[in-house]
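Results of the structural survey
Listed below are the residues making up each chain.
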There are 2 protein chains.
Amino acid sequence: MTPLILLDSQEHSLRVEKIRSALATTGAKAILITDNANIFYITGRVFAGQIYIPAEGPVIFFVRRPVGLSGDGVVYIRKPEQIAETIGLNIPETIALELDITAYSTVQRMAAIFPGSQIVNGSTALRIARSVKTPAEINLMKISGGKQERVYRSIPKLYRTGMTDLELQVEIEKASRLEGCLGQFRISGDSMELYMANILVGDNADNPTPYDFAMGGAGLDPSLPVGCNGTVIRPGYSVMVDANGNYTGYMTDMTRTFAATAIDSLAMKAHQVSIDICHAIAEAGTPGTPAKELYHLAETMAKDAGLEHYFMGHAQKAGFVGHGVGIEINEMPVLAPRSKDTLQIGNAIAVEPKFVIPGVGAVGIENTYIVTQSGMERITCAPEEIISLEK
Amino acid sequence: MTPLILLDSQEHSLRVEKIRSALATTGAKAILITDNANIFYITGRVFAGQIYIPAEGPVIFFVRRPVGLSGDGVVYIRKPEQIAETIGLNIPETIALELDITAYSTVQRMAAIFPGSQIVNGSTALRIARSVKTPAEINLMKISGGKQERVYRSIPKLYRTGMTDLELQVEIEKASRLEGCLGQFRISGDSMELYMANILVGDNADNPTPYDFAMGGAGLDPSLPVGCNGTVIRPGYSVMVDANGNYTGYMTDMTRTFAATAIDSLAMKAHQVSIDICHAIAEAGTPGTPAKELYHLAETMAKDAGLEHYFMGHAQKAGFVGHGVGIEINEMPVLAPRSKDTLQIGNAIAVEPKFVIPGVGAVGIENTYIVTQSGMERITCAPEEIISLEK
């Protein structure tokens, strides 16, 4: 038998208490969790089943698969209906479920376990709890950041003259995997899809995507319309690399821009403005700062540089300049015009002020930062300037 | 402006009619579709938005992103609530939504667009419509099968003595990508996760997984507990390769078993029984055959060979021997003991009778078949015997 909980027990308790604390605002007396990302957050592993966290009293782990897990509160079930047998007479008046991410039919099935209980939405509480990383989580993110940096530093060695965007991406995928990248790129919700990396060369960066990513690209096939499309890397084109940074279950998000030869001065200027915006946000992003202020700071700097037409896309624009990151790529807080989020110590935020310059492509950088008392600490430390691919 | 619908117009109409026909059994007068896989099925592309298919009358495409799509029935919206303005007075009494796969909160938001309408579950109708592939879809699957076959035939060339499972997987990932594999591995629902391939070497095959795949493996990290775990490929171990076959938006699913040297005779026998089961199912799988009969055929053949302890896993067993495949890996019909599905001409079914032999690893094969009038036609045509990795 192997222990179900892989986290240090103090770390596990800390995370449960963070969830309980966030849950208190919903009025729920318990939460039943079924999402893989949340199960991983609470236990340090993914299993098939549910975690029941009451406001008071022991946590119960209802496991369907895999076989062989043990520990306090572990109860094997074949189907969720068996949860009622264990909860017994302690059915809470109000129970929270992950309504923003769990399928309607699944929620109905879960709700039927608790007849008479009021169902409330626990999704935001979980997002809030997860948005403030613990020191152990920050450590895992820094490990990912370090490995991702090594891969990015190796990119000029992977380049060969005449390569397509896809050929370069395949080399980056391989280098990432051999460095320990887990490949899986967790996104909350079903609507966004991306395979491993978004590499944009030349005007493909201006092809709009259906997904809510910062940048687009036509993709290789209309079944996955995002990212590289077979464009050959030519003189004068920018090569933007935004590759999967999931090496530990916790991802960092980093973008760097490369080029085979010198690129147009407008693109060079826009790239420097992106660096300047990142530095300005990192300095301004102290605890208590409204996330929307950081968006406006970025937008203002882009406008002041006369680059508003290219900021966060050209033919189609993204509506944000940064986002929380951790187990999933789209966590809280969101740096967007109408964001209600406020920065807190321990937030992990990817900041990605990018520009699309027609005739050149996408320029700019993205860094992942941890919010500290004095501002934001960068954990994706590859060089920020445009990096030459030609040796 | 680019046309929203990328399918041939006759093909598009055929698919819409298949959905209408399946929907008729639910009593719904319309369906509102929001899932990427279903949007791709209907149009040949993914977009962010919804497709409204009334029982009679024109289909409406509500698009949020990307910009620039055009065609009959294309209506740009910023938020789903605007759908009501277009539907106007034609609000159906009963409307179907994808309740099995759409988040509860999203369904609530959609349902509010149709006040007074009864909401019913359209998920099964869509699964039924998609389970019978059109000739155009079968053609795309055959293209994927051919490309996947080329990659599998190259695997012995990718092997080097002393490799780990991960090192071999990375080479297979690269070969697949250069052959045109799109990478994305679409799975309906949120609970199953897999990155690109499941490569199982030696006793790692007996490590149970939380996911509902046929085989397990410990994985590289507890955040993604499935597949390769760093095991070195040693003499006597089997090497089972089950890699992503998505080259066209439609995937084939194929597994082959490799070995560096001769493996134990029990494993050799089990592998031959797997081949025999595939051939028997392919012959028995005529239209009208209950899917569960094919499961029982496989189970009986495994038992008759004295291999029931190893069939579909050892420490943990999968509850099925085959599954529909197409845009997603888990389509209808399912070959399982309690399946209510019946085979129809045009079903695409992956059949994977596998065995886990302690001390050796996983053996057996998986093929994707198309159900025809006279039985099942194989579209994954790599050699079926255990393939030697040593040159």
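Residues numbered from 1 in each chain as written. Chains lettered and ligands numbered in written order. Predicted model: local features only at pLDDT ≥ 70, side-chain atom pairs only at ≥ 80, totals over all residues. Heavy atoms only, no water.

Details of the overall build of chain A
Secondary structure summary: chain A contains 9 helices and 19 strands in total. For a compact globule of 391 residues, the expected C-alpha radius of gyration is about 21 Å, and chain A comes in at 22 Å, within 12% of that figure. Its C-alpha atoms put chain A at 70 × 40 × 35 Å along the principal axes. Burial analysis of chain A (391 residues in total) assigns 63% to the buried set. Long-range pairs, those at least 24 residues apart, make up 66% of the contacts in chain A between residues at least 6 apart in sequence. As displayed, chain A has an accessible area near 14,100 Å², and 52% of this comes from carbon and sulfur atoms. The centroid of the 33 positive side-chain charges in chain A is displaced by 4 Å from the centroid of its 42 negative side-chain charges. (Helix = DSSP H or I, 4+ residues; strand = E, 2+ residues; numbered from the N terminus. Rg over C-alpha atoms; globule rule 2.2 N^0.38 Å. Buried < 20%, exposed > 50% of the residue type's maximum accessible area, 1.4 Å probe, protein only. Contact = heavy atoms within 4.5 Å. Areas by Shrake-Rupley, 256 points an atom, 1.4 Å probe, with all protein chains shown as cover. Lys, Arg positive; Asp, Glu negative; His and termini not counted. Charge placed at Lys NZ, Arg CZ, Asp CG, Glu CD.)

Notes on the relation of the copies chain A and chain B
When chain A is fitted to chain B, the residual RMSD is 0.0 Å, and the transformation amounts to a turn of 180° plus an axial shift of 0.0 Å. Overall, the copies show the geometry of a two-fold rotation axis. Mapped onto chain B, 100% of the interface residues of chain A are again interface residues, and the two copies thus contact each other with one and the same surface. (Least-squares fit on C-alpha atoms with pLDDT ≥ 70 in both.)

Comments concerning the interface of chain A and chain B
Contacts between the two partners involve 57 residues from chain A and, on the opposite side, 57 residues from chain B. Between chain A and chain B lies a buried interface of about 4,900 Å² when both sides are counted; carbon and sulfur atoms form 52% of it. On the chain A side of the interface with chain B, the three residues burying the most area are Arg65, Arg177 and Tyr195 of chain A, jointly 16% of the side's total. Counting across the chain A and chain B interface gives 10 salt bridges. (Buried area = accessible area lost by both parts, 1.4 Å probe. Salt bridge = Lys/Arg side-chain N within 4 Å of Asp/Glu carboxyl O.)

Some points on the side chain of Asn198 of chain A
Among the structural elements, Asn198 of chain A can be located in strand β9 (residues 197-201). Setting aside residues no more than four positions away along its own chain, Asn198 of chain A makes contact with Met215, Gly216, Val226, Gly227, Met240, Val241 and Asp242 of chain A.

A few points about the packing of aromatic side chains
This structure, assessed with the given rule, holds 10 aromatic pairs over all chains. On the basis of an interplanar angle of 5° and a centroid distance of 5.7 Å, the ring pair of Tyr195 of chain A and Tyr195 of chain B is categorised as stacked. On the criterion of chain membership, the pair formed by Tyr195 of chain A in the loop between α7 (165-179) and β9 and Tyr195 of chain B in the loop between α7 (165-179) and β9 (197-201) is interchain, its members lying in two chains. Taken as a pair, Tyr195 of chain A and Tyr195 of chain B share a single burial class, namely buried. (Phe/Tyr/Trp six-rings, centres within 6.5 Å; stacked < 30°, edge-to-face > 60°.)

Quick look at the environment of Val63 of chain A
On the secondary structure map, Val63 of chain A appears in strand β4 (residues 60-65). C-alpha of Val63 of chain A to C-alpha of Ile187 of chain A: the two residues are 124 residues apart in sequence and 23 Å apart in space.

Considerations on unusual backbone geometry
Here Arg65 of chain A and Pro66 of chain A are connected by a cis peptide whose omega angle stands at 0°. With respect to the helices and strands, the residue Pro66 of chain A is situated in the loop between β4 and β5 (69-70). The phi angle at Met312 of chain B is positive, at roughly 55°, despite the residue not being glycine. Tracing the sequence through the fold places Met312 of chain B in the loop between α9 (291-304) and β12 (322-324).

Concerning the pattern of salt bridges
Residues and elements named next belong to chain A. In this structure the tally under the stated criterion is 36 salt bridges over all chains. Salt-bridge contacts for Arg130 lead to Glu328; the nearest nitrogen and oxygen are separated by 3.0 Å. Separated by 198 residues along the polypeptide, Arg130 in helix α5 (residues 123-131) and Glu328 in the loop between β12 (322-324) and β13 (331-335) bring together distant segments of the chain. One exposure class covers both Arg130 and Glu328, and it is buried. Salt bridges sharing partners connect three or more residues here, namely Arg130, Lys133, Glu328 and Glu331.

Looking at helix α2 (residues 36-43) of chain A
All names here are of chain A. The element α2 is largely enclosed, with a buried count of 8 among its 8 residues. Along α2, the residues that are buried comprise Asn36, Ala37, Asn38, Ile39, Phe40, Tyr41, Ile42 and Thr43. Against the buried residues of α2 lie α1 (9-24), β2 (30-33), β3 (48-54), β4, α5 and α6 (135-158). Just past α2, the residue Gly44 takes up positive phi, approximately 85°.

Let's talk about the pairing of strand β8 (residues 118-121) of chain A
All names here are of chain A. In this sheet, β8 lies alongside strand β7 (residues 94-97) in parallel orientation, the contact comprising 4 bridges. Across the sheet, the residue bridging to Thr94 is Gln118, located in β8. In terms of handedness, the path from β7 via helix α4 (residues 104-111) over to β8 forms a crossover that is right-handed. (Pairing = 2+ DSSP bridges. Right-handed = clockwise from strand over helix to strand, strands pointing away.)

With respect to the sheet that holds strand β14 (residues 348-351) of chain A
Residue and element names in this part refer to chain A. Here 5 strands make up an open sheet; going across it, the order is β13-β12-β14-β17-β18 and the pairing antiparallel. Sheet topology places β13 and β18 (375-378) at the edges, where each strand pairs with a single neighbour. Each neighbouring strand pair of the sheet contributes to a mean axis angle of 30°, computed without reference to strand direction. Pairing analysis gives 3 bridges linking β12 to β14, with the strands arranged antiparallel. Its bridge partner lying in β14, Gly324 is registered against Ile349. (Axes fitted to C-alpha atoms, helices over the stretch in contact; angles between N-to-C directions.)

Considerations on helix α4 (residues 104-111) of chain B
Among the residues of α4 of chain B, Tyr104, Ser105, Val107 and Met110 of chain B are the ones counted as buried. Next to the buried residues of α4 of chain B lie α4 and β8 of chain A together with β2 (30-33), β3 (48-54) and β7 (94-97) of chain B.

Considerations on the packing of helix α8 (residues 265-284) of chain A against helix α9 (residues 291-304) of chain A
All names here are of chain A. Where α8 contacts α9, the axes come no closer than 10 Å and their chain directions differ by 150°. With respect to α9, the axis of α8 lies roughly antiparallel. Between α8 and α9 lies a crossing whose hand is right-handed. Contacts between α8 and α9 involve Val273, Asp276, Ile277, Ala280, Ile281 and Ala284 from the first element and Leu294, Leu297, Ala298, Met301 and Ala302 from the second. Among the residues making up the contact of α8 with α9, the classes are represented as 10 nonpolar, no polar and 1 charged. (Parallel < 35°, antiparallel > 145°, perpendicular 65-115°, else oblique. Left-handed = near helix turned anticlockwise from the far one by under 90°. Nonpolar A, V, L, I, M, F, W, Y, C, P; charged D, E, K, R; others polar.)

Here we look at the confidence of the model for chain A
Here chain A averages 97 in pLDDT, and 100% of its residues register 70 or above. Reported confidences for the modelled complex are a pTM of 0.97 and an ipTM of 0.97. (pLDDT = per-residue confidence, 0-100.)

Points about the pairing of β2 of chain B
Residue and element names in this part refer to chain B. Of the two faces of β2, the one carrying Ala30 and Leu32 and the one carrying Ile31 and Ile33 are both buried. When β2 meets β3, the two strands line up antiparallel, connected through 4 bridges. Each bridged residue has a counterpart across the sheet, and for Ile33 the counterpart in β3 is Ile51. Summarising the sheet, β2 and β7 pair through 3 bridges and their orientation is parallel. Residue pairing for β7: Ile31 is matched across the bridge by Ala96.

Section: the sheet that holds β9 of chain A
Residue and element names in this part refer to chain A. Taken in spatial order, the 4 strands make up an open sheet running β9-β10-β11-β19, and their pairing is mixed. The open sheet has two edge strands with one neighbour each: β9 and β19 (387-388). Sheet contacts for α7: β9 and β10 (238-246); angle to β9, the most-contacted strand, approximately 145°.

Here's the deal with the side chain of Asn198 of chain B
All names here are of chain B. In this structure Asn198 comes out as buried when scored by relative accessible area, which is 5%. Within the local environment of Asn198, its side chain forms a polar contact with the backbone oxygen of Gly216, the two atoms lying 3.2 Å apart. Setting aside anything within four residues of it in sequence, one finds Asn198 in contact with Met215, Gly216, Val226, Gly227, Cys228, Met240, Val241 and Asp242. (Polar contact = N/O pair within 3.5 Å; in protein donor to acceptor, adjacent residues only side chain to side chain.)

Let's talk about the environment of Thr289 of chain B
All names here are of chain B. Residue placement: Thr289 occurs in the loop between α8 (265-284) and α9. Between the C-alpha atom of Thr289 and that of Asp341, which follows or precedes it by 52 residues, the distance is 8.8 Å. In this structure, Thr289 is in contact with Ala284, Leu294, Asp341, Thr342 and Leu343, ignoring residues within four places of it in sequence. A distance of 3.2 Å separates the side chain of Thr289 from the backbone oxygen of Ala284, its partner in a polar contact.

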